[in-house]
Amino acid sequence: MNVLIIGSGGREHVMAWKISQSSLLSRLFIAPGNAGTASLGQNISISVSDFEKIGRFCLEKQIGMVVVGPEAPLVDGIHDFFLAHPDLKKISVIGPQRNAAMLEGSKDFAKAFLTRHHIPTARYRSFSKDEVNDALHFLKSMTAPYVIKADGLAAGKGVLICNDLPEAEHEVKAMLIDTKFGEASRKIVIEEFLQGIEISAFVLTDGIHYQILPSAKDYKRIGEGDTGPNTGGMGSVSPVPFADEIFNKKIEEKIITPTIRGLISEGIEYKGFIFFGLINVNGEPFVIEYNARMGDPEAESVIPRIKNDLLEMFVAVGNQTLDRLTVETDPRYAATVMLVSEGYPGSYEKNKPVAGLDEVKDSIVFHAGTIFDQEKQQVITQGGRVLALTSFGSTMQEAFDRSYESAYLIRFENKAFRKDLGRDLMKYVFLNA
Ligand code: AMP
Ligand code: GLY
């Protein structure tokens, strides 16, 4: 089978790495891909939003499966586009249709869905542009910190946590009146602040059945000790030491099963990954958000732990036979350290040559923001997040130590990374030991 992966980050590299190990694979293409995916398949210079071109390419290359990495093409309806086209509709698309991707594309939709299906989540209310006064009034009924979310996709920047009322009032007006996040903040969600530690849970579903994948914890803030602005993710680890059997059972019973049942009961067909952004509040899981895709950099620690043939799992999604599989997981820890360009998530410089890639022996190197410069015949930096280093270890510490050793072997100008990953979880490791 010929496969096309859509996207260009570390998540797409790890998928390419895993799919390229499948005996079911004939040819692998990645659009647009990066310097890492180029060594596993053929990178195609097509934008993730150019559905017409993607469709034509699929017909030309006899693609049997399209795996969609990022959320934007899903929310924009890439799967619907394929289904609406007589020649494309037989191609299996991994990633939900637009109506199901709204679980990520609209916070208001997600909150209403969670509420309808009695799934634990923070109490909330939504407000549109003509309800500014109601929103300000509602804020006064809450206590600090105030959580204000733009309804639509805002590249991970649409959630604001304000410590005092004047700041919260200012942000509500900035979002609704001054359209701070453009279309995305024409509507907002204001919700109760939940105190706890976060965990990302994942399932793969074929629309009827689901398989639970290993969970992970990611590190969103740029600064050590979880300080500073949010990033796409500075690292991840799987499994998560505090997620013991009892907690995992609660996640499945209170969150995963009702979500899948809810989708089915509402006639929303979902084929692909569901990412549950959860928070552990005194031993109880609550949903912070849904995403319609794998996490990044969670994918870089989760997917290497899956022993199954990923392409075979995707074929089962297409055929709705996912119940016939058993997911086998590597019991070891996988820890991912992200190397970024200094300045990220603010402005940073690009086009820096990357050295030392061949010196890494104890980690898997996944490219996140790189391209291969044909003229210089060299890998150069192309994004804020540049490379993800994933290592296995029989303990979390060992896994992170290996990734850190590799992090020092790789050299590029203005390289930066967090050096405290996993430290917050050490107390749980000792508790469970
Ligand atoms: P989201 O984009 O919805 O994942 O939100 C981004 C981040 O904001 C989350 O990862 C949490 O750290 C934080 N957050 C969102 N909602 C809440 C909440 N209700 N209580 C506490 N923290 C939250
Ligand atoms: N790591 C969080 C995300 O993928 O949204």
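Residues numbered from 1 in each chain as written. Chains lettered and ligands numbered in written order. Predicted model: local features only at pLDDT ≥ 70, side-chain atom pairs only at ≥ 80, totals over all residues. Heavy atoms only, no water.

Caption draft 1: Layout of the overall build of the chain. Counting secondary structure elements, the chain contains 13 helices and 22 strands. Against the 2.2 N^0.38 benchmark of 22 Å for 433 residues, the chain shows a C-alpha radius of gyration of 21 Å, consistent with a compact globule. Structurally, the chain occupies a C-alpha span of about 60 × 50 × 45 Å along its principal axes. Burial status across the chain gives 57% buried among its 433 residues. Counted over contacts in the chain with a minimum sequence separation of 6, partners at least 24 positions apart contribute 69%. Just so you have it, the chain exposes about 18,300 Å², and 49% of that area is on carbon and sulfur atoms. Of the charged side chains in the chain, 47 are positive and 56 negative, and the gap between their average positions amounts to 1 Å. (Helix = DSSP H or I, 4+ residues; strand = E, 2+ residues; numbered from the N terminus. Rg over C-alpha atoms; globule rule 2.2 N^0.38 Å. Buried < 20%, exposed > 50% of the residue type's maximum accessible area, 1.4 Å probe, protein only. Contact = heavy atoms within 4.5 Å. Areas by Shrake-Rupley, 256 points an atom, 1.4 Å probe, with all protein chains shown as cover. Lys, Arg positive; Asp, Glu negative; His and termini not counted. Charge placed at Lys NZ, Arg CZ, Asp CG, Glu CD.)

Caption draft 2: Molecular detail of empty space enclosed by the protein. Applying the stated criterion to the full structure yields 1 cavity of 30 Å³ or more. Roughly 30 Å³ of volume is contained in the largest cavity. What lines the largest cavity is simply Thr205, Gly207, Ile260, Leu263, Ile264, Ile268 and Tyr270. With 3 residues, the single largest contributor to the lining of the largest cavity is helix α9 (residues 245–265). (1 Å grid on protein atoms, 1.4 Å probe; cavity = no way out; pocket = protein on both sides within 12 Å on 5 of 7 lines; lining within 4 Å. Points joined across faces, edges and corners; volume = space filled by probe spheres on them.)

Caption draft 3: How the structure looks around the layout of surface pockets. Put simply, the second largest pocket is a space of about 270 Å³. In this structure, the second largest pocket is lined by 16 residues; those nearest its centre are Ser39, Leu357, Asp358, His367 and Val379. Secondary-structure elements contributing two or more residues to the lining of the second largest pocket are α1 (10–19), β18 (364–367) and β20 (378–381). When residues of the lining of the second largest pocket are assigned to their parent elements, the largest contribution, 3 residues, is made by β18. In the lining of the second largest pocket, the residues fall into 9 nonpolar, 6 polar and 1 charged. (Nonpolar A, V, L, I, M, F, W, Y, C, P; charged D, E, K, R; others polar.)

Caption draft 4: Structural view of the pairing of strand β11 (residues 210–218). Summarising burial for β11: 7 of the 9 residues are buried, a large majority. Here strand β10 (residues 197–205) runs beside β11; their pairing, made up of 5 bridges, is antiparallel. Residue Thr205 lies in a different strand from β11, and its bridge partner there is Tyr210. Where β10 folds back on β11, the antiparallel hairpin that results is connected by 4 residues, among which Gly207 adopts a positive phi of roughly 100°. Sheet topology note: the β11/strand β14 (residues 235–238) ladder contains 2 bridges and is antiparallel. Residue pairing across strands places Lys217 opposite Val237, the latter belonging to β14. (Pairing = 2+ DSSP bridges.)

Caption draft 5: Representation of the packing of aromatic side chains in the model. This structure, assessed with the given rule, holds 15 aromatic pairs. Members of the aromatic cluster, joined through ring pairs, are Phe400, Tyr404, Tyr408 and Phe417. The ring of Phe138 has Arg125 lying over it, and the distance from NZ or CZ to the ring centre is 5.4 Å. Looking at Arg332, its charged tip hangs above the ring of Phe392, at a distance of 4.2 Å from the centre. (Phe/Tyr/Trp six-rings, centres within 6.5 Å; stacked < 30°, edge-to-face > 60°. Lys NZ or Arg CZ within 6 Å of the ring centre and 35° of its normal.)

Caption draft 6: View of the side chain of Ser406. Tracing the sequence through the fold places Ser406 in helix α12 (residues 396–409). Using a relative accessible area of 2% as the deciding quantity, one classes Ser406 as buried. One polar contact links Ser406 to Ser363, side chain to side chain, over a distance of 2.5 Å. Dropping the residues within four chain positions of it, Ser406 is found in contact with Val360, Ser363 and Leu389. (Polar contact = N/O pair within 3.5 Å; in protein donor to acceptor, adjacent residues only side chain to side chain.)

Caption draft 7: Local environment of the site of ligand 2. Around ligand 2, the neighbouring residues are Asp218, Gly232, Phe275, Asn291, Arg293, Gly295, Asp296, Pro297 and Glu298. In this structure, Arg293 approaches ligand 2 through a side-chain N or O atom, which is 2.9 Å from an oxygen atom. Between ligand 2 and the protein, one listed contact pairs a nitrogen atom with a side-chain N or O atom of Glu298 at 2.8 Å. Coverage of ligand 2 by the protein amounts to 88% of the 200 Å² it exposes when considered alone. A breakdown of the residues in the shell around ligand 2 according to their chemical character gives 2 nonpolar, 3 polar and 4 charged. (Near = heavy atom within 4 Å.)

Caption draft 8: Inspection of the nonpolar core at higher detail. If you look at the biggest cluster of nonpolar residues, it comprises 74 residues, and the most contacted ones within it are Leu4, Cys58, Val66, Phe82, Phe276 and Tyr290. For this core, the leading source of residues is α9, giving 6 residues. If near-sequence neighbours (up to four positions away) are discounted, Tyr290 is found in contact with Leu103, Glu104, Ala110, Phe113, Leu114, Ile119, Thr259, Ile274, Phe275 and Phe276. Among the nonpolar cores identified, the runner-up in size contains 40 residues, and Phe202, Met294, Val302 and Leu310 belong to it. (Core = buried A, V, L, I, M, F, W, Y, C linked by side-chain atoms within 4.5 Å.)

Caption draft 9: Inspection of the sheet that holds strand β9 (residues 187–191) at higher detail. Sheet architecture is open: 4 strands sit in the order β6-β9-β7-β8, paired in antiparallel fashion. What marks the edges here is a single partner per strand, and that holds for β6 (124–128) and β8 (159–162). Direction aside, neighbouring strands of the sheet carry axes that sit 20° apart on average. Pairing of strand β7 (residues 146–150) with β8, which is carried by 4 bridges, proceeds in the antiparallel orientation. From the neighbouring strand, Tyr146 faces β8, where its bridge partner is Cys162. Of the strands in this sheet, β6, β7 and β9 are in contact with helix α7 (residues 132–140), which crosses β6 at around 155°. (Axes fitted to C-alpha atoms, helices over the stretch in contact; angles between N-to-C directions.)

Caption draft 10: View of the packing of α1 against helix α11 (residues 310–319). Where α1 meets α11, the closest approach of the two axes is 8 Å, and the angle between their N-to-C directions is 100°. Here α1 lies roughly perpendicular to α11, going by the angle between them. Listed contacts from α11 to Met15, Lys18 and Ile19 of α1 are Leu310, Leu311 and Phe314. (Parallel < 35°, antiparallel > 145°, perpendicular 65-115°, else oblique.)

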